[in-house]
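Next come the chains, spelled out residue by residue.
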Number of protein chains: 2
Amino acid sequence: MAIGPERSSQPEGGAPRTRQVMVFEPRDGALVRRGDRLAVEEPLEIRLETPAGAATLTVTMRTPGNDMELVAGWLLAEGIVEGADDIAQISYCVDAAYGGDQRFNVVTANLRVPARQIGRERMSACGVDGAASIEALRAAGFPPLSDGPRFAISVLTELPELLRAGQRTFQVTGAVHGAALVDATGTVIIVREDVDRHNAVDKVVGWALLNGHMPLSDTALVVSGRISFEIVQKAARAGIPMVVGVSGATSLAVALAEVVGMTLVGFVRGTSCAIYSGSARVVPG
Amino acid sequence: MAIGPERSSQPEGGAPRTRQVMVFEPRDGALVRRGDRLAVEEPLEIRLETPAGAATLTVTMRTPGNDMELVAGWLLAEGIVEGADDIAQISYCVDAAYGGDQRFNVVTANLRVPARQIGRERMSACGVDGAASIEALRAAGFPPLSDGPRFAISVLTELPELLRAGQRTFQVTGAVHGAALVDATGTVIIVREDVDRHNAVDKVVGWALLNGHMPLSDTALVVSGRISFEIVQKAARAGIPMVVGVSGATSLAVALAEVVGMTLVGFVRGTSCAIYSGSARVVPG
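Every chain's residues receive numbers from 1 upward, in the order its sequence appears when written. Working convention: letters from A go to chains and numbers from 1 go to ligands, in the order in which they are written. Given that this is a predicted model, residues contribute local features only at a pLDDT of at least 70 and side-chain atom pairs are listed and counted only at 80 or more, while totals for whole chains, interfaces and linings are drawn from all residues. Only hydrogens and water are set aside; all other atoms, that is, all heavy atoms of the structure, feed into the side-chain values.

Residue and element names in this part refer to chain A. The domain architecture assigned to chain A consists of domain 1 (2-118) and domain 2 (130-283). Contact definition: two residues touch when any of their heavy atoms are within 4.5 Å. Tallying the contact residues gives 28 residues for domain 1 and 23 residues for domain 2. Simply put, the buried area is the total loss of 1.4 Å probe accessible area from both parts when two parts are fitted together. Carbon and sulfur atoms supply 63% of the area that domain 1 and domain 2 bury against each other, a total of about 2,000 Å² over both sides. In terms of surface lost to domain 2, no three residues of domain 1 exceed Glu69, Leu76 and Ala77, which account for 27% of the buried area on that side. Any carboxyl oxygen of Asp or Glu that lies within 4 Å of a side-chain nitrogen of Lys or Arg is treated as forming a salt bridge with it. Applying the counting rule to domain 1 against domain 2 returns one salt bridge. A salt bridge links Glu69 to Arg192; the nearest nitrogen and oxygen atoms lie 2.6 Å apart. N or O atoms closer than or at 3.5 Å make up a polar contact, with two conditions inside protein: a donor-capable atom paired with an acceptor-capable one, and, for residues adjacent in sequence, both atoms drawn from side chains. For the pair domain 1 and domain 2, the interface holds seven residue pairs in polar contact (both at pLDDT 80 or more). Strands are runs of DSSP state E lasting at least two residues, helices are runs of H or I lasting at least four, and both sets are numbered from the N terminus onward. For the side of domain 1 that touches domain 2, the secondary-structure elements that each account for two or more residues are β2 (30-39), β4 (53-62) and α2 (67-77). The element best represented in the side of domain 1 that touches domain 2 is α2, accounting for eight residues. Where each domain begins and ends follows an automated or database-derived domain assignment.

Residues and elements named next belong to chain B. Tracing the sequence through the fold places Pro143 in the loop between α4 (130-138) and β7 (151-152). The cut-offs for exposure are 20% and 50% of the maximum accessible area for each residue type, with area from a 1.4 Å probe on protein chains only; residues under the lower value are buried, those over the upper are exposed, and the others partly exposed. Relative accessible area serves as the criterion here: at 33%, Pro143 is assigned to the partly exposed category. Sequence separation of Pro143 and Ala238 is 95 residues, and the distance between their C-alpha atoms is 7.8 Å. The residues contacting Pro143, other than those within four sequence positions of it, are Ala236, Arg237 and Gly239.

A side chain of one charge can pair with a side chain of the opposite charge when the charged atoms of the two come close. All names here are of chain A. Enumeration over the complete set of coordinates arrives at 18 salt bridges over all chains. Residue Arg47 pairs with Glu45 through a salt bridge whose shortest N-O separation is 2.9 Å. Accessibility expressed as a relative area gives 9% for Glu45, which makes it buried. Among the salt bridges present, the one from Lys234 reaches Asp202, with a minimum N-O distance of 3.0 Å. Remark: Asp202 occurs in helix α8 (residues 197-210) and Lys234 occurs in helix α9 (residues 229-237); sequence separation between them is 32 residues.

Facing the 62 residues of chain B at the interface are 62 residues of chain A. Of the roughly 4,800 Å² buried between chain B and chain A, counting both surfaces, carbon and sulfur atoms make up 60%. Where chain B meets chain A, there are zero salt bridges. Summed over the shared surface of chain B and chain A, the result is 14 residue pairs in polar contact (both at pLDDT 80 or more). Counting only elements with at least two residues in the side of chain B that touches chain A, the list comes to β1 (18-27), β2 (30-39), β3 (42-50), β4 (53-62), α3 (120-123), α10 (251-260) and β13 (272-277) of chain B. Here the residues of the side of chain B that touches chain A sort into 33 nonpolar, 18 polar and 11 charged. Residue polarity is assigned by list, with Asp, Glu, Lys and Arg as charged and Ala, Val, Leu, Ile, Met, Phe, Trp, Tyr, Cys and Pro as nonpolar; anything else, Gly included, falls into the polar class.

Here we take up the side chain of Thr157 of chain B. By secondary structure assignment, the location of Thr157 of chain B is in the loop between α5 (153-156) and α6 (159-165). For Thr157 of chain B, the residues in contact, after removing those within four places along its chain, are Val268, Gly270, Thr271 and Ser272 of chain B.

A few words now on the sheet that holds strand β6 (residues 106-111) of chain A. Residue and element names in this part refer to chain A. The rule for pairing is simple: two strands pair if DSSP sees at least two bridges between them. If you walk across this open sheet you meet the four strands as β4-β3-β6-β5, and the pairing is mixed. Since the sheet does not close on itself, it has two edges, and those belong to β4 and β5 (87-92), each with one partner. With direction set aside, neighbouring strand axes in the sheet form an average angle of 20°. With five bridges joining them, β5 and β6 adopt antiparallel strand pairing. Residue pairing across strands places Ile87 opposite Leu111, the latter belonging to β6. For helices, the fitted line uses only the C-alpha atoms of the stretch in contact; every axis is such a line through C-alpha atoms, and the angle between N-to-C directions lies from 0 to 180 degrees.

The next point concerns the packing of aromatic side chains. Residues and elements named next belong to chain A. Stacked, edge-to-face and tilted labels apply to pairs of Phe, Tyr and Trp rings (six-membered ring for Trp) whose centres lie within 6.5 Å, assigned for plane angles under 30 degrees, over 60, and everything in between, in that order. On inspection of all chains with the given rule, the structure shows two aromatic pairs over all chains. An angle of 80° between the planes, with centres 4.8 Å apart, marks the rings of Tyr92 and Phe104 as edge-to-face. Highlighted residues: Tyr92 in strand β5 and Phe104 in the loop between β5 and β6, separated in sequence by 12 residues. Overall, Phe104 belongs to the buried group, its relative accessible area being 19%.

Residue and element names in this part refer to chain B. The strand order across the open sheet formed by four strands is β4-β3-β6-β5, and the pairing between neighbours is mixed. Both edges of this open sheet fall to β4 and β5 (87-92), since each of them pairs with a single strand only. Adjacent strand axes in the sheet meet at a mean angle of 20° when their direction is disregarded. Where β3 meets β4, nine bridges bridge the pair, whose relative direction is antiparallel. The residue of β4 that forms the bridge with Arg47 is Thr56. Where helix α2 (residues 67-77) meets the sheet, its contacts fall on β3, β4, β5 and β6 (106-111), and the angle it forms with β5 comes to roughly 140°.

Glancing now at the nonpolar core. Of all hydrophobic cores here, the largest spans 64 residues; its most connected members are Leu75, Leu221, Ile227, Val243, Met262, Leu264 and Tyr276 of chain A. Top element by residues in this core is α8 of chain A. It accounts for eight residues. Think of a nonpolar core as a cluster: buried Ala, Val, Leu, Ile, Met, Phe, Trp, Tyr and Cys residues, connected wherever their side-chain atoms sit within 4.5 Å. Of all hydrophobic cores here, the second largest spans 63 residues; its members include Val23 of chain A together with Tyr92, Leu181 and Val232 of chain B.

Okay, structure coming up:
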């Protein structure tokens, strides 16, 4: 895969990730003013140009920053691309009709291939029946997960704290989700943040995709929020064999993890956790 | 508005909201098995039948239960209907091709009016430029919010605990979001839960819509998760003048709250909170 300069350069524009505001807080029965910092949330429009035509795919609400990673990760998660080689370029809008900050809220992905799945079809990927959907996913061509890595219990239970320590925007706002890739030594490879927990995962995977770090077969994904079906789906699509979270997993997340052979760990608090599936990757120590 | 029997009846089908599983947990350096309960997550397909035609609108992942409320609230939030009178009936799929539990994952809404907004347009409702979007929303015809209610500080800071006390599925799984309507005396009117925090809000609003409790001008909406743009948008569309959460609000959520004159309160913890907008509705006491 060749990463062109247009794709690897990521002009973050005038897009701060936090914003200063004044708030009131109660004190001694009255309201007093103080400063506060909010996580920035802005819409991002994702456009697609392919050999078969152009389309606006979606508008997502996200925290600005790492937008090319977000788009690349999202394209992989949705099955629209299968790898970095399918992507020719991802860039901010160059339409003269958009000025200033506005152009940093529109990203166009140029693909070398026709989009593999578009729009509503992806939403119906799991069908409408839980059982049928799992069968469909079994046949949906997720890349096989590696047997490894093996995580010692003592490393595993420290991962949420490692994620939080890397969340710079959370430390200021207390209100953004985070996702991180880590290896079995407990080394943090990358941390990304977003007001939307799905976006944080897309940014992490997109970073790996755009920077030649695929496959991710030796890593675990650590997330700050609940582990839903979509989070497991994104990890599975990226070939990540293990997902770890501080909150719980849903029924469909566990079902999908079992189908694809992924290790799923939730409620990591102190030295405690719940291993929902794939416990062979968790070892004493 | 007349609520027909088809709409007020809510056969919840064989759709439990939690599921028993076995998990491993570390103990004394080894992994031991124990039982656990997961929040159920299943897809729901929303179909629309109108005088102008039929369509499948979306597939959302949700916790089963209160599905008619979820659909009604979602239709209002999206601007597809403006009130209960626009809805003739909401019912589970009666297609013979679907059997058993599966038909409880498809809901058809029959409208008396052509759908006011469909599909992608709604996603672009906020445009791609934060500033332009706020201007657009100013003109977007949100119902005017009432001046009331007035919440005493001591009532306000107790609201998250009242919500949590009403979250039966959270108490078992620790992994679902909740939303509640409360009045200024601190009385909880309704609590709903879902793996997705947006769905929990849609269920609360849909309950009010289907049971003749509109307008909601004397209530506050309490949410368990972060307060994003979409949460404020849903509350504004339902005419709720106040949103209270245990976590923070995003920049665009605060901007929209200011435009529509809504009171927005975040980080309610102990006797502390941050009032982002509309502080006139918060009074000593």
